[in-house]
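This is what each chain is made of:
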Amino acid sequence: MTVSDVKYDILGIGNAITDILARVEPAFLQKQGLTPGSMTLIDADRANTLQALLAPEQIMGGGSVANSCVVAAQFGARVAYLGKVARDDAGKQFTEDMRGNGITFPSAPLNTQVFDNLPTARCIVMVTPDGQRTMATYLGACTCFTPEDVLPDMIADSSIVYLEGYLFDPPHAQEAFRRAAALAHAAGRKVALSLSDPFCVGRHRQAFLDLVKGHVDILFANEDEICALYETENFDVAARHTAQDTTFAALTRSGLGSVVLHDGQMTKVAPVPTQVVDTTGAGDAYAAGFMAGLTSGRTLPECGRLASVAASEIISHYGARPLSNLWEEMGF
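If you're wondering where the values come from, they're calculated on a predicted model, not measured in any experiment.

Criteria and cut-off values
For every chain, the first residue of the written sequence is number 1, and numbering continues from 1 along that sequence. The predicted nature of this model means local features are confined to residues of pLDDT at least 70 and side-chain atom pairs, given and counted, to a pLDDT of 80 or more, with totals for whole chains, interfaces and linings taken over all residues. Only hydrogens and water are removed before side-chain values are computed, so all heavy atoms of the structure are retained for them. Helix and strand definitions here come from DSSP, where helices need a minimum of 4 consecutive H or I residues and strands a minimum of 2 consecutive E residues; each element is numbered from the N-terminal end. Computation of the radius of gyration draws on C-alpha atoms alone. For the globule rule, the value is 2.2 Å times the number of residues to the power 0.38. A 1.4 Å probe rolled over the protein chains alone gives each residue an accessible area, and that area as a share of the maximum for its type sets the label: buried under 20%, exposed over 50%, partly exposed in between. Every residue pair with non-hydrogen atoms within 4.5 Å of one another is taken to be in contact. Here the Shrake-Rupley method, with its probe set to 1.4 Å, supplies the accessible areas, and only the displayed protein chains count as covering residues. Neither His nor the chain ends contribute to the count of charged residues, in which Lys and Arg are positive and Asp and Glu negative. For charged residues, the charge sits on one atom: NZ in Lys, CZ in Arg, CG in Asp, CD in Glu. Think of a polar contact as two N or O atoms within 3.5 Å of one another; within protein, one of them needs to be a possible hydrogen donor and the other a possible acceptor, and neighboring residues in sequence only count if both atoms come from side chains. Here the rule is simple: two strands pair whenever DSSP picks up at least two bridges between them. We define a nonpolar core as any set of buried Ala, Val, Leu, Ile, Met, Phe, Trp, Tyr and Cys residues linked to one another through side-chain atoms lying within 4.5 Å. As a rule, the C-alpha atoms of each element are fitted with a line to give its axis, helices using only the stretch in contact, and angles between N-to-C directions run from 0 to 180 degrees. Expected span of a helix: the number of residues minus one, times 1.5 Å. For this analysis, a ring pair means two rings from Phe, Tyr or Trp (six-membered ring only for Trp) whose centres lie within 6.5 Å, classed as stacked if their planes differ by under 30 degrees, edge-to-face if by over 60, and tilted for the remaining angles.

## Considerations on the overall build of the protein
The secondary structure content of the protein amounts to 13 helices and 13 strands. For 332 residues, the compact-globule formula gives about 20 Å, and the C-alpha radius of gyration of the protein, at 18 Å, lands near that figure. The principal-axis extents of the C-alpha atoms in the protein amount to approximately 50 × 40 × 40 Å. Out of the 332 residues belonging to the protein, those deemed buried represent 55%. Taking all contacts inside the protein whose residues are at least 6 apart in sequence as the whole, residues at least 24 apart take part in 74%. Surface summary for the protein: the accessible area is close to 13,600 Å², and the carbon and sulfur share equals 49%. Between the averaged position of the 24 positive side-chain charges in the protein and that of its 37 negative side-chain charges there is a distance of 2 Å.

Here is the structure:
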C-alpha cells in the first residue's frame, strides 16, 4: 500500500500527553484503588495527590498515537500529528519533542484564558515488577479537541489517518473522529483505529462498534480490547466477529504474537522474544511498525515482523519511546 500523491504516510490524531513513569509495587495500586493494567481517568486534584506519592523515573512526551508517530518516523515513515496542548511549559515541551522527532505538528495550542487555564494533559504510568503498566490520566487540554481541530488539508495529504481510542473520552472527540473519517474517505485515504484500552471500549462500546463497522479500514487491538468490544472471553470468537465487521485488522496477543485478518484470510505473526521490563507503549509501537511497513509497500508478514520488532524493543526498557534506531536495527 503506497500512495505517491501524499505528503505524509501517517497522520495521527490523539491525546497529547506528558508521561510520568514510576515503579510501584502491586500493593500500591490496591491501596489507591487502581485496576492493574488499566487506564483510569482522574481529575487535577487526584493527579497532584498521586504524583506526590511517587518518585518519577522518567518524564517524557507521551500519548498513545503520539508514541506511534515517533516510532513510525524512526522506521522512515513521513508522519504528522494532530492533538491539543495548552500554552504552558508541558505543551511547549510536547511540541518540541514531536517536531524534534521529525513529526509535523500544526495544531494550535489551547487558549488557556478562554478554557479556564486547563493545562496540558499528563498520564501517571505506574509500572509493577512484572512489567505491567497501570495508568491514571488527567486529560486537561485534550478535552478541548473538537471537529474544528481536524484539519482538512492534513487529512487529504495523508495516506493513513490513525485515530486513538483514548480520545473517545473527551466530549467532542467522537464527532471529530467521524469528521476525520469522512474527510479521509472523501480524499481516497484510509482510516485506522486503535481501541487503546478495554475499559475505554467498555465506556463507549456501541460507538466503537459503529465506528469499526462504518468508518474504519484498519483496526488495531490487543486481545483484551477486542474481547471487550464483542463481549466475549474467547479470542477466536472475537476474531470471527472482527473479520465480519472489518476487512483489515491486526490483533496482538502478548507472548502469543499477533494475528492479521485481511479479506477473510488470517496471518499469524510470531513474537520477537525479549525480557519484559515495561509494557507501556507496546501496542503503540506495534501499530507504528505495521503502518510503516504497509505504507512502504511491504507484504503483510513483513509488516507483522516490523510491528513485532518495534513492540519487542519498547517493552525491553522503561518508557514508550525507542532507545535504539529501529530502522537500522532491522537492516533496512
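## Observations concerning the side chain of S196
Note that S196 resides in the loop between β9 (190-194) and α7 (198-203). Within the structure, the side chain of S196 is placed 3.0 Å from the backbone nitrogen of G165, a separation counted as a polar contact. For S196, the residues in contact, after removing those within four places along its chain, are E164, G165, Y166 and E225.

## Some words on the pairing of strand β5 (residues 79-82)
Every second residue of β5 is oriented toward a common face, with V79 and Y81 on one face and A80 and L82 on the other, all of them buried. Of the strand pairs in this sheet, strand β1 (residues 8-13) and β5 are connected by four bridges, and their pairing is parallel. The residue bridging G12 from the neighbouring strand is Y81, located in β5.

## Remarks on the nonpolar core
I13, L193, L195, I226 and L229 are the most contacted members of the largest nonpolar core, which has 42 residues in total. Of all the elements, helix α6 (residues 173-186) adds the most residues to this core, at six residues. Listed in part, the 41 residues of the second largest apolar core include I10, F75, A77 and C303.

## Quick look at the sheet that holds strand β6 (residues 121-127)
Pairing is mixed across the open sheet formed by five strands, whose spatial order is β3-β7-β6-β2-β4. Here the strands that pair on one side only, and so sit at the sheet edges, are β3 (39-41) and β4 (58-62). On average, each strand axis in the sheet is tilted by 25° relative to the strand beside it, whichever way the strands run. Of the strands in this sheet, β2 (17-23), β6 and β7 (133-138) are in contact with helix α2 (residues 44-52), which crosses β6 at around 40°.

## Regarding the environment of Q58
Considering the arrangement of structural elements, one finds Q58 in strand β4. Among the residues examined, Q58 registers a relative accessible area of 27% and is labelled partly exposed. When the C-alpha positions of Q58 and A239 are compared, they lie 36 Å apart, and in sequence the two are 181 residues distant.

## Examining the sheet that holds strand β10 (residues 218-222)
Spatially, β5-β1-β8-β9-β10-β11-β12-β13 is the arrangement adopted by the eight strands of the open sheet, whose pairing is mixed. Because the sheet does not close on itself, it has two edges, and the strands there are β5 and β13 (265-269). On average, each strand axis in the sheet is tilted by 15° relative to the strand beside it, whichever way the strands run. One ladder, built from five bridges, connects strand β8 (residues 158-164) with β9; its direction is parallel. In the strand pairing of β9, L163 is matched with L193. Sheet contacts for helix α12 (residues 300-315): β11 (248-252), β12 (258-262) and β13; angle to β13, the most-contacted strand, approximately 35°.

## Topic: helix α11 (residues 282-295)
The terminal C-alpha atoms of α11 lie 20 Å apart, and with 14 residues this matches the ideal 20 Å at 1.5 Å per residue to within 8%. With 13 of its 14 residues buried, α11 lies for the most part within the structure. Of the residues trailing α11, G297 is marked for its positive phi of about 85°.

## Considerations on the side chain of D149
Looking at the element boundaries, D149 is found in the loop between β7 and α5 (152-156). In this view, D149 contacts L82, K84 and C144; residues no more than four positions away in its chain are not counted.

## Description of α12
Between the first and last C-alpha of α12 there are 23 Å, a value that for 16 residues agrees with the 22 Å anticipated at 1.5 Å per step. Counting buried positions along α12 yields 13 of 16 residues, so the element is predominantly enclosed.

## As for the packing of aromatic side chains
Throughout the structure, instances matching the rule amount to nine aromatic pairs. Relative to F94, the ring of Y81 lies with its centre 5.9 Å away and its plane at 50°, an arrangement referred to as tilted. Residue Y81 is found in strand β5, and its partner F94 is found in helix α4 (residues 89-100); the two are separated by 13 residues along the sequence. Under the relative-accessibility criterion, F94 is labelled buried at 2%.

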